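Structural characterization, general
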Amino acid sequence: MFSNKLLFAPSRFNTITSSMNNPQQPDPPKKRVVVCGGGIIGVCTAYFLSKKGAAVTLVEQSSIACAASGKAGGFLAFDWCDGGPVSSLARASFNLHRSLAQELDGVESYGYRPVNTLSLSVTESGKPNRKSTVPGWIDGPVKSPRTIGTIETTAQVHPQLFTRKLMEKAMAEYGVEVVIGKVKSVETGGGKVTALLEGGGVIDGDAVVLALGPWTSKFKLLESVVRVHGLKAHSVVLEPKDVDAISADALFLSYQPAHGGPPMDPEIYPRPTGEVYICGMSSQEEVPDDPEQIEPNPDSIRVLKRVAGTVSSHLGEESRVKAEQACFLPCTDDSVPVIGEIPGMAGCYVATGHSCWGILNGPATGAAVAELVMDGSSTIVDLTRFSPARFVRK
Ligand SMILES: Cc1cc2nc3c(=O)[nH]c(=O)nc-3n(C[C@H](O)[C@H](O)[C@H](O)COP(=O)(O)OP(=O)(O)OC[C@H]3O[C@@H](n4cnc5c(N)ncnc54)[C@H](O)[C@@H]3O)c2cc1C
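Per chain, the residues get numbers from 1 upward, laid out in the order the sequence is written. Only residues with pLDDT of at least 70 get local features here, since the model is predicted, and only at 80 or more are side-chain atom pairs given and counted; chain-wide, interface and lining totals rely on the full set of residues. Neither water nor hydrogens contribute to the side-chain values; these are computed over all heavy atoms in the structure.

What about the packing of helix H2 (residues 40–51) against helix H9 (residues 358–375)?
Axis lines are fitted to C-alpha atoms, over the contacting stretch for helices. Their N-to-C directions set the angle, which ranges from 0 to 180 degrees. Secondary structure elements are taken from DSSP: a helix is a run of H or I of four residues or more, a strand is a run of E of two residues or more, and numbering for both begins at the N terminus. Where H2 meets H9, the axes come as close as 7 Å, and the angle between the chain directions of the two elements is 40°. On the basis of the axis angle, H2 is oblique to H9. Handedness of the H2/H9 crossing: right-handed. Listed contacts from H9 to Ile-40, Ile-41, Cys-44, Thr-45, Phe-48 and Leu-49 of H2 are Gly-358, Ile-359, Gly-362, Pro-363, Thr-365, Gly-366, Ala-367, Val-369, Ala-370, Val-373 and Met-374. Reported orientations rely on four angle classes, namely roughly parallel under 35 degrees, roughly antiparallel over 145, roughly perpendicular from 65 to 115, and oblique for the rest. Here a crossing is called left-handed whenever its near helix is offset anticlockwise from the far helix by less than a right angle, and right-handed whenever the offset is clockwise. Throughout, a contact is declared for two residues whenever any of their heavy atoms are within 4.5 Å.

With respect to the packing of aromatic side chains
For Phe, Tyr and Trp, rings pair up if their centres lie within 6.5 Å, where Trp contributes its six-membered ring, and each pair is then called stacked (planes under 30 degrees apart), edge-to-face (over 60) or tilted (otherwise). Within the structure shown, the criterion is met by 12 aromatic pairs. Measuring from ring centre to ring centre gives 5.1 Å for Phe-75 and Trp-80, while their planes differ by 50°; the resulting arrangement is tilted. Note on Phe-75 and Trp-357: the rings are 6.3 Å apart at their centroids and 40° apart in plane angle, and the pair reads as tilted. Of this pair, Phe-75 sits in strand S4 (residues 75–77) while Trp-357 sits in the loop between strand S20 (348–352) and H9, placing them 282 residues apart in sequence. The residues Phe-75 and Trp-357 share a single accessibility class, namely buried. Cluster of aromatic residues (ring-pair linked, three or more members): Phe-75, Trp-80, Phe-252, Tyr-269, Tyr-277 and Trp-357. The buried label applies to any residue whose accessible area, calculated with a 1.4 Å probe on protein chains only, is under 20% of its type's maximum; exposed applies above 50%, and partly exposed to all values in between.

Some words on the pattern of salt bridges
For salt bridges, the criterion is a side-chain nitrogen of Lys or Arg within 4 Å of an Asp or Glu carboxyl oxygen. The final tally for this structure, using the stated rule, is 20 salt bridges. Where Asp-334 meets Arg-390, a salt bridge forms, and the shortest distance between an N and an O atom there is 2.6 Å. Remark: Arg-390 occurs in the segment after H9 and Asp-334 occurs in the loop between strand S18 (320–332) and strand S19 (338–341); sequence separation between them is 56 residues. Residue Arg-390 is classed as partly exposed on the basis of its relative accessible area, which comes to 26%. A cluster of three or more residues bridged by salt bridges with shared partners is formed by Glu-239, Arg-271, Glu-275, Arg-320 and Lys-322.

Here's the deal with the packing of H2 against helix H4 (residues 87–103)
Packing of H2 against H4 leaves a shortest axis separation of 15 Å and a crossing angle of 70°. Accordingly, the angle class assigned to the pair H2 and H4 is roughly perpendicular. Crossing handedness for the pair H2 and H4: left-handed. Along the contact surface, H2 presents Tyr-47, Phe-48 and Lys-51, while H4 presents Leu-96, Leu-100 and Glu-103. Considering only residue class, the contact of H2 with H4 consists of 4 nonpolar, no polar and 2 charged. Lys, Arg, Asp and Glu make up the charged group, whereas Ala, Val, Leu, Ile, Met, Phe, Trp, Tyr, Cys and Pro make up the nonpolar group; the residues left over, Gly among them, are polar.

On their own, these measurements won't tell you what the molecule is for.
Dropping the structure here:
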């Protein structure tokens, strides 16, 4: 059926065996759902849909977690979105991350761990911190440490390992098929959907979920429904020589560069693998068609390395550089994710716009969309606030 490469075709034995047990009553046909986009939102959606009994095909143009979902920090917070529209989604998703970590052996397989979180002021030209009010590895010119998260309220995952682990589980246990190919358009009608792929592939289904991240607005069908722009952000991953010196503390910095310029707010996340992730430096840029074409700006990378070396001598020039990278946050015009059925297109759903909280909110988004598609409404989170209907002119 596809001209594109089918990565994994699950065995059909389960279906055959169960109908053979009771030949009089064949199993009802499964709802067939096509999920477009293999970032954390698409993968979580595919996982929960398949767990609820859907026959899912996920289509990804490059590779699973190739974009922001593979290059993000992976920081999770229970209550930091309180008081805003994403509050209940975030709380539900934080808890879901905890239970998924048990189900998927997340501590071992994708570095899930609760962390303490500090905010710090850093003046690049200041004097090194000699007081023991912060963990010893933070030996640069830092002041005003404040605990802003504890192991009860903040945690982390390695986002690429998490997304790929969940995909593997969905394929191996729930029969999700992955197709590498670019979805060109989607047609709906008569209770059916058809996804058309570049190169001529066609995938039929009963519903389709578009989880295209910052590529949403490049998709013709959606450009008039919802505008999602990409905000480019940078990160470096360092491996310090003495990995044991680094404690499990996430750092949120208010950073004043030495030679003037506006203050910055980079973040530093040590990971249980021994590597340390540093991110920041965002800019408005056009999202390239191909995620593999996203290149970091050398100046932004240089600044992030300087930040790391200023905060800790363990993160200076002697540490090994494991990655210098950039990716795009998917942002909506009103800064609220867009999750729901597209008005006037029965069976066609969208899930994107999670901005800087997509890793946190991926699991609850996936679980809620799965309920919406399979049962007609979501119980895990009220999705009314996220409906794409808010963008449609009356
Ligand atoms: C530097 C940085 C740090 C971050 N840190 C955190 C953090 O600590 N915690 C947190 O919660 N969030 C964080 N985020 C945010 C988070 O990474 C994003 O919100 C999230 O990854 C978005 O996931 P997504 O699945 O919507 O999009 P993406 O990860 O961009 O995935 C979209 C996928 O769709 C595919 N695609 C697009 N068009 C097509 C098509 N036509 N056909 C087939 N496939 C297609 C793409 O190839 C891509 O794989 C960070 C983001 C950045 C940039």
